[in-house]
Amino acid sequence: MRALILFGPPGCGKGTQASRLERAFGLKQLSTGDLLRDAVSSGTQIGQEAEAIMARGDLVPDRIVIALISMAIDQIRDQKGFILDGFPRTLGQAEALDELLTAKDLALDHVIEMTVDDDALVDRVTGRFSCEACGEGYHEVSKPPRLEGQCDRCGARKFKRRADDNAETVRKRLEKYHSKTAPVLPYYGKQGVLTAVNGMEDIDQVAAQIDAVLTG
Ligand code: AMP
């Protein structure tokens, strides 16, 4: 089973690239943000605990996301591999992930850091929205639907925005990225699994850089 981490700040394109890799390489996207949003919308105990924290742009406690990701990996044991999107976000999570992987007899193949300037990130996140039916992602400026008001992929006419994709919360999330998450990078640098790609390029060029790492 292949294990890959897409690492980078909110809005760097992790989700877009992870769902593309899911289709191209048959790897399963595991996004702690998606797992938490599902928990919030189904009103579970974890969801109730996480909702206000997420709305503020703070980090959900390590014990919660570690438990979620461990269960998610166990559920996909028959697949070719997985891409972690949005996890780990702290050194504690990175260390717990190593323990988890060792216990499950798995190892990390690559950690791909997607680098993007902070100013570009705020615009990317505040302008994004997605199809309510199929989840296809859009952006007001860089990727509007080809036909206004209609999803390119499935034709649905309803779109949604994340509650935490507003300018104030994005700044808080970026601050957390720099103070808690970016310091994890040297941990993976020392393990020899880290590669940086330029996330400022357009989606296809970023995809080509990532594919070169995976197939290289
Ligand atoms: P994301 O969809 O990755 O942008 O995550 C949305 C929100 O979920 C974050 O701002 C955090 O509040 C929470 N979250 C997602 N993943 C993690 C994680 N690994 N550790 C802590 N909080 C997380």
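Here the structure is shown first, and the text comes after it.
A brief look at the structure comes next. (Residues numbered from 1 in each chain as written. Predicted model: local features only at pLDDT ≥ 70, side-chain atom pairs only at ≥ 80, totals over all residues. Heavy atoms only, no water.)

**Some thoughts on helix H7 (residues 167-181)**
Next, step 1: With 15 residues, H7 should cover 21 Å at 1.5 Å per step; its first-to-last C-alpha distance of 20 Å lies within 8% of that length.
Next, step 2: By the burial criterion, the buried members of H7 are Thr-169, Val-170, Arg-173, Leu-174, Tyr-177 and Thr-181. Buried residues of H7, viewed axially, fall in a sector of 140°; they line one side. (Helix = DSSP H or I, 4+ residues; strand = E, 2+ residues; numbered from the N terminus. Expected span 1.5 Å × (residues − 1). Buried < 20%, exposed > 50% of the residue type's maximum accessible area, 1.4 Å probe, protein only. Arc of directions from axis to C-beta.)

**Examining the packing of helix H1 (residues 14-25) against helix H9 (residues 203-215)**
Next, step 1: Axis separation between H1 and H9 bottoms out at 11 Å; the angle between their running directions is 55°. Our classification of the angle between H1 and H9 gives oblique. The handedness of the crossing between H1 and H9 is right-handed. Two secondary-structure elements touch here, H1 through Thr-16, Gln-17, Arg-20, Leu-21 and Phe-25 and H9 through Ile-203, Val-206, Ala-207, Ile-210, Asp-211, Leu-214 and Thr-215.
Next, step 2: Of the residues that constitute the contact of H1 with H9, the class distribution is 7 nonpolar, 3 polar and 2 charged. (Axes fitted to C-alpha atoms, helices over the stretch in contact; angles between N-to-C directions. Parallel < 35°, antiparallel > 145°, perpendicular 65-115°, else oblique. Left-handed = near helix turned anticlockwise from the far one by under 90°. Contact = heavy atoms within 4.5 Å. Nonpolar A, V, L, I, M, F, W, Y, C, P; charged D, E, K, R; others polar.)

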